[in-house]
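Structure assessment
Single-letter residue listing:
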Amino acid sequence: MARKIPIVVLSIIVLQSSLGLAQERVKLRVSSATKTLGYGPLWIASRMGFFDRQGLDIEIVAIRASDVGIQALVGGSLEIAGSASDAPIAAVEKGLDLVIVGGIINGLTQSIMAAKRFKTYADLRGATFGAISLTSGVTFALRHVLKVKGLEYPRDYKLLVIGGTPQTYAALTPGQIDAAALSLPVNYAAEEQGFNEIGRFVDVIPNYQLAALSTKRSWAEKNRSVLVRVMKAMAQTMRWIHQNREPAVDYLAKEMNLKREHARRGWEFYTATRMWHPEGDINVDGLQIVTQIYWDQTQSKGPVPSAGKYIDQSYLRAGLKELDGR
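This text gives an overview of the structure that appears in the document. Given the structure is predicted, the values throughout are model-derived calculations rather than measurements.

The secondary structure content of the chain amounts to 15 helices and 10 strands. Taking 2.2 N^0.38 as the reference for a compact globule, 326 residues should give roughly 20 Å; the C-alpha atoms of the chain span a radius of gyration of 22 Å, in line with that estimate. With respect to the principal axes defined by its C-alpha atoms, the chain has extents near 90 × 50 × 30 Å. Residue burial in the chain is summarised as follows: out of 326 residues, 54% are buried. Relative to all contacts within the chain whose residues are 6 or more apart in sequence, the contacts with residues 24 or more apart total 77%. Taken as a whole, the chain presents about 14,800 Å² of accessible surface, with 52% of it coming from carbon and sulfur. Positive and negative side-chain charges of the chain, numbering 39 and 30 respectively, have mean locations separated by a distance of 3 Å.

Quick look at the structure:
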């Protein structure tokens, strides 16, 4: 018995040490391309303790342009980037080792809102649009929608780089620009101000992966358990959002500085259409459409790659397995 006691004590020490390691907090920096309703799940995960419960000390950094966020990711200023999904696709095509690991906004929620004198797509010929950038994300989708409607860039309209939805709306209101692609629910506010809704992106492009979480493959492989915890927290967040309408609407209205009615209508749209996936997964078919549009816009050569080239869903699946005890 005397000989066994040290072994028992040693086992307890090892167990305590393992628990300590399991609870060790990890600091990470995660970007959000904008602070709007669509990116709300990231802010909820951070501010309402979902990351914290996984032992993650995460700083959310707002980086307005997706390509800038990807540059920060590549340069080591971030561990994970929340950005337009075409930005990591472009990085991969340039030879960088990025990978998309989860979804944020799994569709297009934008409407083209324009000054009162514009009533149809044809009326927009010669108009100046506000944009977050010239060559990525919502702008790619905007150019595609306008092309389908018979308007070619730069022949038929101008793009003025201003910023995301809050900035473009601020420029639209005093007439600094003629039109803008405004994310839901800011388009509701624009309607109330008398601006015309020319059309909704989703009516032209019904399937699209707008925003996603990406990271370096090399970092993900070395920090697999940490990334699984991140994706587990995002899955918990998405489930909470879908299952708790009133608390979610209250938080989003306050954090995003929205009218509660706008936040409620936004929540209803995002959840009913699965623009927010119930578990934070990627819309693979939608990402394939993004890839096709990126290929067309950049006039890339060769066949359009499969969306699978850019994604790895294993981290989310492992997190879901832990959540559900599978």
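Time to look at empty space enclosed by the protein. The final tally for this structure, using the stated rule, is one cavity of 30 Å³ or more. Taken as a whole, the largest cavity encloses approximately 330 Å³ of empty space. What lines the largest cavity is a set of 28 residues, and nearest its centre among them are Gln110, Ile132, Val138, Gly164 and Ser183. Going through the elements one at a time, strand 6 (128-131), helix 6 (137-148), helix 7 (165-172) and strand 8 (179-183) are the ones with two or more residues in the lining of the largest cavity. Considering each element in turn, the lining of the largest cavity owes the most residues, four residues, to helix 6. Its residues assigned to classes, the lining of the largest cavity comprises 12 nonpolar, 15 polar and one charged.

This next bit is on the pattern of salt bridges. Taken as a whole, this structure holds 19 salt bridges when the rule is applied. Among the salt bridges present, the one from arginine 47 reaches glutamate 255, with a minimum N-O distance of 2.6 Å. A residue pair is termed long-range when its members are at least 10 positions apart, and arginine 47 in helix 2 (residues 40-47) and glutamate 255 in helix 12 (residues 245-255) qualify at 208 residues. Classification of arginine 47 as partly exposed rests on a relative accessible area of 48%. With a closest N to O distance of 2.8 Å, lysine 309 and glutamate 93 form a salt bridge. Highlighted residues: lysine 309 in the loop between helix 14 (284-298) and helix 15 (314-324) and glutamate 93 in helix 5 (residues 86-93), separated in sequence by 216 residues. Members of the salt-bridge network, linked through shared partners, are Arg245, Glu246, Asp250, Arg260, Glu261, Arg264 and Glu268.

Our focus in this paragraph is helix 4 (residues 66-75). Turning to helix 4, its buried residues are Ser66, Gly69, Ile70, Ala72 and Leu73. All buried residues of helix 4 lie within an arc of 155 degrees about the axis, which places them on one face of the element. In helix 4, the exposed residues that point more than 90 degrees away from the buried face are Gln71 and Gly75. Residues of helix 4 that are buried in the fold lie against strand 3 (80-84), helix 5, strand 4 (98-105) and strand 10 (211-216). One or two residues past the end of helix 4 sits glycine 76, with phi positive at roughly 95 degrees.

On strand 6, burial covers both faces: Thr128 and Gly130 on one face and Phe129 and Ala131 on the other are all buried. Assessed by its sense of winding, the connection that carries the chain from strand 6 through helix 6 to strand 7 (residues 158-161) is right-handed. Sheet topology places strand 6 next to strand 8; two bridges connect them, and they run parallel. Across the sheet, the residue bridging to phenylalanine 129 is alanine 179, located in strand 8.

Along the chain, the position of threonine 168 falls in helix 7. Apart from residues no more than four positions distant in its own chain, threonine 168 is found in contact with Gly130, Ala131, Ile162, Gly163, Ile177, Ala180, Ala181 and Leu182.

It is worth spelling out the sheet that holds strand 1 (residues 26-32) at this point. Strand-to-strand pairing in sheets goes through backbone hydrogen bonds, with the strands running parallel or antiparallel. Pairing is mixed across the open sheet formed by five strands, whose spatial order is 2-1-3-10-4. Strands at the two margins of the open sheet, each flanked by one partner only, are strand 2 (56-62) and strand 4. Geometrically, the sheet is characterised by an average inter-axis angle of 25 degrees between neighbouring strands, direction not taken into account. Two strands pair when backbone bridges link them, and strand 1 and strand 3 are joined in this way by three bridges, in the parallel orientation. Pairing of valine 30 across the sheet is with isoleucine 80, part of strand 3. Packed on one face of the sheet, helix 4 meets strand 3, strand 4 and strand 10 and runs near 160 degrees to strand 3.

Reading guide: rules and limits
- Residues numbered from 1 in each chain as written.
- Predicted model: local features only at pLDDT ≥ 70, side-chain atom pairs only at ≥ 80, totals over all residues.
- Heavy atoms only, no water.
- Helix = DSSP H or I, 4+ residues; strand = E, 2+ residues; numbered from the N terminus.
- Rg over C-alpha atoms; globule rule 2.2 N^0.38 Å.
- Buried < 20%, exposed > 50% of the residue type's maximum accessible area, 1.4 Å probe, protein only.
- Contact = heavy atoms within 4.5 Å.
- Areas by Shrake-Rupley, 256 points an atom, 1.4 Å probe, with all protein chains shown as cover.
- Lys, Arg positive; Asp, Glu negative; His and termini not counted.
- Charge placed at Lys NZ, Arg CZ, Asp CG, Glu CD.
- 1 Å grid on protein atoms, 1.4 Å probe; cavity = no way out; pocket = protein on both sides within 12 Å on 5 of 7 lines; lining within 4 Å.
- Points joined across faces, edges and corners; volume = space filled by probe spheres on them.
- Nonpolar A, V, L, I, M, F, W, Y, C, P; charged D, E, K, R; others polar.
- Salt bridge = Lys/Arg side-chain N within 4 Å of Asp/Glu carboxyl O.
- Arc of directions from axis to C-beta.
- Right-handed = clockwise from strand over helix to strand, strands pointing away.
- Pairing = 2+ DSSP bridges.
- Axes fitted to C-alpha atoms, helices over the stretch in contact; angles between N-to-C directions.

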